[in-house]
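Chain and residue survey
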Amino acid sequence: MSSTKFLAIYLAAMVPTYIYRWIFVAGAIADASTGGNNASAMGSTATILLAISYAAMIYVSYKRGLTNDRKFLVAFPVAGAVFDIFLGFIPFIPTLFNILAIIFGVMKGNNEAK
């Protein structure tokens, strides 16, 4: 997989992860202000959407890691997913892992044409 294709797919999957959380938080605030109880349903929906996005990032990182001889590349979105889905109260760690995945994913490997 080329670095351009990797970057485009990774960003297309990564950017919505921030939007899902904003939608969940805004919905939970609106739900709390009206006395409703739909926040848990929105939280489940946000988690499912996050899992789908991270699955795409994991797959594309795996394929790119095979191409540029950096098989460890898949570890970054996996760690980001763990922190984003299970430890959502630590907001900047998934961003850090995503940035590292982009940096190492765009770099050319030893077995790629220069």
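This is a predicted model, so every value here is computed, not measured. (Residues numbered from 1 in each chain as written. Predicted model: local features only at pLDDT ≥ 70, side-chain atom pairs only at ≥ 80, totals over all residues. Heavy atoms only, no water.)

1. Structural notes on the overall build of the chain
As a reminder of what qualifies: Starting at the N terminus, helices and strands are each numbered in turn, a helix being any DSSP run of H or I of at least four residues and a strand any DSSP run of E of at least two. To sort residues, take the accessible area from a 1.4 Å probe on protein chains only and compare it with the maximum for the residue type: under 20% means buried, over 50% means exposed, and anything in between is partly exposed. Computed with a 1.4 Å probe, the accessible areas rest on the Shrake-Rupley method; for each residue, only the protein chains presented here act as cover.
Scanning the chain for helices and strands turns up 4 helices and 0 strands. Each helix and strand of the chain, ordered N terminal to C terminal, gives the series α-α-α-α. Across the 114 residues in the chain, those meeting the buried criterion constitute 32%. Here the chain has roughly 6,600 Å² of accessible surface; of this, 74% comes from carbon and sulfur atoms.

2. Some words on a nonpolar patch on the surface
To keep things clear, this is the line we draw: Grouping into patches uses exposed residues only, defined as over 30% relative accessible area, and leaves out salt-bridged ones; the cut-off is 9 Å for like charges and 5 Å for nonpolar side chains (Val, Leu, Ile, Met, Phe, Trp, Tyr). By salt bridge we mean one thing: a side-chain nitrogen of Lys or Arg within 4 Å of a carboxyl oxygen of Asp or Glu.
A cluster of nonpolar residues, Leu7, Leu11, Val15, Ile19, Trp22, Ile23 and Val106, forms a patch on the protein surface that exposes about 620 Å² of accessible area. The leading source of residues in the nonpolar patch is helix H1 (residues 3–34), at 6 residues. Judged by its relative accessible area of 33%, Val106 is partly exposed.

3. Quick word on the packing of helix H3 (residues 75–86) against helix H4 (residues 92–106)
Each packed pair of helices is defined by two parameters, the angle between the axes and the distance between the axes. The line we're drawing: Helix axes use the C-alpha atoms of the stretch in contact, all axes being lines fitted to C-alpha atoms, and the angles between their N-to-C directions lie in the range 0 to 180 degrees. Orientation is classified from the angle alone, with under 35 degrees giving roughly parallel, over 145 giving roughly antiparallel, 65 to 115 giving roughly perpendicular, and any other angle giving oblique. For a crossing to be left-handed, the near helix must be turned anticlockwise from the far one by less than a right angle; the clockwise case is right-handed. The contact criterion used is simple: two residues touch if any of their non-hydrogen atoms lie within 4.5 Å.
At a closest axis distance of 8 Å, the pairing of H3 and H4 adopts a crossing angle of 165 degrees. As summarised for this structure, H3 and H4 are arranged roughly antiparallel, according to the angle between their axes. Crossing angle aside, the handedness with which H3 passes H4 is left-handed. Two secondary-structure elements touch here, H3 through Phe76, Pro77, Ala79, Gly80, Phe83 and Asp84 and H4 through Ile93, Pro94, Phe97, Leu100, Ala101 and Phe104.

4. Here we look at the pattern of salt bridges
Where charged atoms from two side chains of opposite charge approach closely, those side chains can pair. Inspection of the entire model under this criterion finds 1 salt bridge. Two residues, Asp69 and Lys71, come together in a salt bridge whose shortest N-O distance is 3.9 Å. Take Asp69: its relative accessible area is 41%, and that puts it in the partly exposed class. The class for Lys71 is exposed, based on a relative accessible area of 57%.

5. What to know about the nonpolar core
Condition: Think of a nonpolar core as a cluster: buried Ala, Val, Leu, Ile, Met, Phe, Trp, Tyr and Cys residues, connected wherever their side-chain atoms sit within 4.5 Å.
Residues Tyr10 and Met57 are the most contacted members of the largest nonpolar core, which totals 16 residues. Broken down by secondary-structure element, the contributors of at least two residues to this core are H1, helix H2 (39–67), H3 and H4. Met57 has contacts with Tyr10, Ala13, Met14, Thr17, Pro77 and Asn98, leaving out every residue within four places of it along the chain.

6. Details of the packing of aromatic side chains
Just so we agree on the cut-off: Here the aromatic set is Phe, Tyr and Trp, taking the six-membered ring for Trp, and pairing holds for ring centres within 6.5 Å; pairs whose planes are under 30 degrees apart are stacked, those over 60 apart are edge-to-face, and all others are tilted.
Throughout the structure, instances matching the rule amount to 6 aromatic pairs. Measuring from centroid to centroid gives 5.4 Å for Phe6 and Tyr10, while their planes differ by 40 degrees, and the two rings are tilted. Pair noted here: Phe6 and Tyr10 are both in helix H1, with a separation of 4 residues, about one helical turn. Here Phe6 and Tyr10 have matching classes, each one buried. Ring centres of Phe83 and Phe97 lie 6.0 Å apart, and the angle between their planes is 35 degrees; on these two criteria the pair is classed as tilted. Of this pair, Phe83 sits in helix H3 while Phe97 is found in helix H4, placing the two residues 14 residues apart along the sequence. Assessed through its relative accessible area of 23%, Phe83 is described here as partly exposed.

In short, shape yes, function no, at least from these values alone.
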